[in-house]
Amino acid sequence: MDGLTFGVRGLREEVIKKACSVAMAAHKSLEKPYLVEKARTSSDVFFIFPGSWSVGSWFCRPAFGEIKINQSELLSPKGNDKVATSLRSIGRDEPATVNEGFLRRFEMILSDSSLQIEVEKAITEKQQIVFTGHSSGGAIAILATIWYLEEHFKPEKTRIPPLCVTFGSPLVADFIFNHALRREGWSQYFLHFVMRYDIVPRIMLAPLSSMESQLQQILDLLNQKAFFPSQGSIPEASRFYKTVMRNASAVASHAACQLMGNTNPILETVASLIELSPYRPSGTFVFCTGNGKLVVVKNTDAVLQLLFYSSQLSYENELEAIAERSLNNHLDYQSALQESLNMQNVVELDHLEGLPLSSNGTGADNIAKHMALNDLGLSTRARLCLRAAGEQEKQKLSNQQRMDEKKAAIEEGLAKLEEYKNKSTVCQVGYYDAFKLSKDEDDFKANIKRLELTGIWDEIIEMLNRYELPEGFENRKVWVELATKYRRIVEPLDVANYYRHAKNEDTGPYMHKARPRRYRYTQRWREHAERMGVGSSGESCFWAEVEELQLYLTTNPGAFEGIRERVLNLERKLEEWVNGNQISNDVFLEGSTFTKLWKSLPDQHKSISRIQGLIKQLG
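**Brief notes about the overall build of the protein chain**
Then, number 1: Scanning the protein chain from terminus to terminus reveals 27 helices and 14 strands.
Then, number 2: When the backbone C-alpha atoms are referred to their principal axes, the protein chain occupies close to 85 × 55 × 45 Å.
Then, number 3: Relative to its 619 residues, the protein chain shows a buried fraction of 55%.
Then, number 4: Long-range pairs, those at least 24 residues apart, make up 77% of the contacts in the protein chain between residues at least 6 apart in sequence.
Then, number 5: For the protein chain, the separation between the mean place of its 75 positive charges and that of its 79 negative charges on side chains is 1 Å.

**A closer look at the side chain of His330**
Then, number 1: Inspection of the secondary structure assignment puts His330 in the loop between α12 (319-328) and α13 (333-343).
Then, number 2: A polar atom in the side chain of His330 sits 2.9 Å from the side chain of Asp198.
Then, number 3: Non-local contacts of His330, meaning those with residues more than four positions away in its chain, are made with Met24, Trp53, His134, Ser135, Gly168, Asp198, Val200 and Leu222.

**Overview of the packing of helix α11 (residues 300-309) against helix α15 (residues 380-404)**
Then, number 1: At a closest axis distance of 9 Å, the pairing of α11 and α15 adopts a crossing angle of 170°. The orientation of α11 relative to α15 falls into the category roughly antiparallel. Residues Asp301, Ala302, Gln305, Leu306 and Tyr309 of α11 form the contact with α15, whose own contacting residues are Arg381, Ala382, Cys385, Leu386, Ala389 and Gln392.
Then, number 2: Residues belonging to the contact of α11 with α15 are distributed by class as follows: 7 nonpolar, 2 polar and 2 charged.

**Some points on the environment of Pro207**
Then, number 1: If you trace the backbone, Pro207 turns up in the loop between α7 (200-203) and α8 (212-223).
Then, number 2: Not counting chain neighbours up to four residues away, the residues in contact with Pro207 comprise Ala63, Phe64, Asn247 and Glu275.

**Here's the deal with helix α19 (residues 477-500)**
Every α-helix winds through 3.6 residues per turn, so residues three or four apart in the chain are directed the same way.
Then, number 1: Taking 1.5 Å of rise per residue, 24 residues should cover 34 Å, and α19 covers 35 Å from first to last C-alpha, within 8% of that figure.
Then, number 2: Taken as a whole, α19 carries its principal kink of about 30° at Val490; the proline Pro492 stands between one and four residues after it.
Then, number 3: Taken across its 24 residues, α19 has 18 buried, putting it largely inside the fold.
Then, number 4: After α19 finishes, the residue Ala502 shows a positive phi value of roughly 55°.

**Observations concerning the pattern of salt bridges**
Then, number 1: Enumeration according to the criterion identifies 41 salt bridges in this entry.
Then, number 2: Where Lys17 meets Glu13, a salt bridge forms, and the shortest distance between an N and an O atom there is 3.4 Å. With Lys17 and Glu13 both in helix α1 (residues 13-25) and 4 residues apart, the pair spans about one turn of that helix.
Then, number 3: With relative accessibility at 22%, the residue Glu13 sits in the partly exposed group.
Then, number 4: Of the charged contacts in the structure, one is a salt bridge between Asp442 and Lys423, with a shortest N-O distance of 2.5 Å.

**Thoughts on helix α3 (residues 100-112)**
Then, number 1: In this model α3 runs 18 Å from its N-terminal to its C-terminal C-alpha over 13 residues, within 8% of the 18 Å that 1.5 Å per residue would give.
Then, number 2: Within the span of α3, buried status applies to Glu100, Gly101, Phe102, Leu103, Arg105, Phe106, Glu107, Ile109 and Leu110.
Then, number 3: Among the structural elements, β2 (44-49), α2 (55-58), β3 (66-68), β6 (97-99), α4 (115-124) and α5 (136-151) are those in contact with the buried residues of α3.
Then, number 4: Regarding α3, its N-cap is Asn99, as a side-chain oxygen of that residue lies 2.9 Å from the backbone nitrogen of Gly101 further along.

**A word on unusual backbone geometry**
Then, number 1: A cis amide bond links Pro62 to the next residue, Ala63, at an omega of -10°.
Then, number 2: Mapped onto the fold, Ala63 is located in the loop between α2 and β3.
Then, number 3: Positive phi, close to 45°, is recorded for His351, a residue that is not glycine.
Then, number 4: Mapping His351 onto the fold places it in the loop between β14 (345-348) and α14 (364-375).
Then, number 5: Phi at Ala502 is positive, roughly 55°, even though this residue is not glycine.

**Side note on the pairing of strand β13 (residues 293-297)**
Then, number 1: Counting buried positions along β13 gives 5 out of 5 residues, so the element sits mostly inside the fold.
Then, number 2: The antiparallel pairing of strand β12 (residues 284-288) with β13 creates a hairpin that spans 4 residues between the two strands, and Gly290 there sits at a positive phi of about 100°.
Then, number 3: The pairing of β13 with β14 spans 4 bridges and is classified as parallel. Bridge pairing in β14 links Val295 to Val347.

**What to know about a nonpolar patch on the surface**
Then, number 1: Where nonpolar side chains cluster on the molecular surface, the patch consists of Met260, Leu357 and Leu384 and spans about 250 Å² of accessible area.
Then, number 2: Residue placement: Leu384 occurs in helix α15.
Then, number 3: With relative accessibility at 39%, the residue Leu384 sits in the partly exposed group.

**Describing the nonpolar core**
Then, number 1: Ranked by size, the top nonpolar core spans 134 residues in total, and within it Phe6, Phe49, Phe193 and Phe287 carry the most contacts.
Then, number 2: Sort the elements by how many residues they give to this core and helix α9 (residues 234-259) lands first, with 11 residues.
Then, number 3: Met463, Tyr510, Tyr521 and Phe560 belong to the second largest nonpolar core, which has 59 residues in total.

Analysis parameters
Residues numbered from 1 in each chain as written. Predicted model: local features only at pLDDT ≥ 70, side-chain atom pairs only at ≥ 80, totals over all residues. Heavy atoms only, no water. Helix = DSSP H or I, 4+ residues; strand = E, 2+ residues; numbered from the N terminus. Buried < 20%, exposed > 50% of the residue type's maximum accessible area, 1.4 Å probe, protein only. Contact = heavy atoms within 4.5 Å. Lys, Arg positive; Asp, Glu negative; His and termini not counted. Charge placed at Lys NZ, Arg CZ, Asp CG, Glu CD. Polar contact = N/O pair within 3.5 Å; in protein donor to acceptor, adjacent residues only side chain to side chain. Axes fitted to C-alpha atoms, helices over the stretch in contact; angles between N-to-C directions. Parallel < 35°, antiparallel > 145°, perpendicular 65-115°, else oblique. Nonpolar A, V, L, I, M, F, W, Y, C, P; charged D, E, K, R; others polar. Expected span 1.5 Å × (residues − 1). Bend = angle between axes of the 7 residues up to and from the residue. Salt bridge = Lys/Arg side-chain N within 4 Å of Asp/Glu carboxyl O. Pairing = 2+ DSSP bridges. Patch = residues over 30% accessible without salt bridge, like charges linked within 9 Å, V, L, I, M, F, W, Y side chains within 5 Å. Areas by Shrake-Rupley, 256 points an atom, 1.4 Å probe, with all protein chains shown as cover. Core = buried A, V, L, I, M, F, W, Y, C linked by side-chain atoms within 4.5 Å.

And the structure:
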């Protein structure tokens, strides 16, 4: 642990203290959508968001008030190029889910205030921007940070990354949101402090229907300026605590079974019958034990387990006391954190797979972890769940190493297919048409290599689809480039094989029904990495469109008008791809399927075609 930065890049202890102070004080200014405060002795500027205390601002709809991020005007694809939001699963092309109430509130703040102007001013002045908030104000701070990262923190610009520091924030988004933050390398900018018994970070694990009659009363209690909000309301606090923790138990148990590899179909059957919250933690969490110790956890699967197990009752007769504490803790961050920071007693829970189950035979480092786990009240079962989270993380790294070892085989296979492609060109037959005819031994050998590479890439894509590789794997430039090279060389062979065997007659067009996931995924992979428009990197599908146009003209002689726009679009893209070296010149060989198609088009079209020069020059 690097001092008291908690491993968060750019963070300093004085930033944490200041953030906590202004976040707690912001509740006195509920009429303001946000506040701005500059540090006196540094370049830090704090954007602070007050909390909101109505049920409608937490839950816009049953059961969990969630919405897909692509329904947001802020974070959905926009502009002519329609670059997709980073907050999605690339492989499944599934957008993240966020809390609609918090999202709509932030959208309103951004559109109805000067927040954007003040943020841009801070950027111009090269200030360290810190978004912060307590309670639901922390949820708004998280979304503000995401907006900043999407809009202003571009790879090509050397800007100071933002910081997000929250205190007692409810959960905001789902697993895909967390996956995307880790993939983009953004998770390191988020730090969340949670008091051991604070109920608010657990609220979103319960559906609105289970607590609708109690939630407004609890929010009213938390909105009181009294230091002990639960005085006189112990019965309500107890019922609310039991409701939230019962639902948290279901979520944590289901997640733990998945971590431990439980494949029992009964598990999924039960899960389908019970409303399980979609919300999951993201970023780095710091748990305040209540005795001055701070426990840092970066593994978000472990954080989910801790949110449940760290606030358990030791005895049944503790219910009222713990329920009262669960509300009081929510307003106690400033004093508790000040004490903890002064004590400098920080324990990081890393290498979770080796966490001690007891104090017997443990080294000094594990003794410190064991004591921290005791301070959080973790049972042996809880520790086993944390170990499972660590084992899963370790297995992902092992899987990545195994995939890295396959790179040499992929590169060797692609080199062989490049040789095949070059040899075909020398023979004045493009490799697409040579493979489609498959008359020679070289064609047979190329098919073997195609199938070998298919096996490797299908395994990689399946592992990514099941989230069995580290999130950062998708952001590694070497793999994005290798995947793009693979797609450009091999997919044309798949298309040739498809139309050679007339599979379109049974299945339909290649692009509509038959395109394998390995190509769809690797195309999105490149588009995401290079911030390209959705669907704009379709160069490897060129031959599929050529085949469909050829089939149309064959079955509809003289019906060019029916495909005029498709032909114009293909010509425009082909010119772009050839000039960008994304498609090789062999497509223009005299005997290629494309050249034959183009020459069969009406003379009037050919005379004004944008690629007539390329046809003459390269054909």
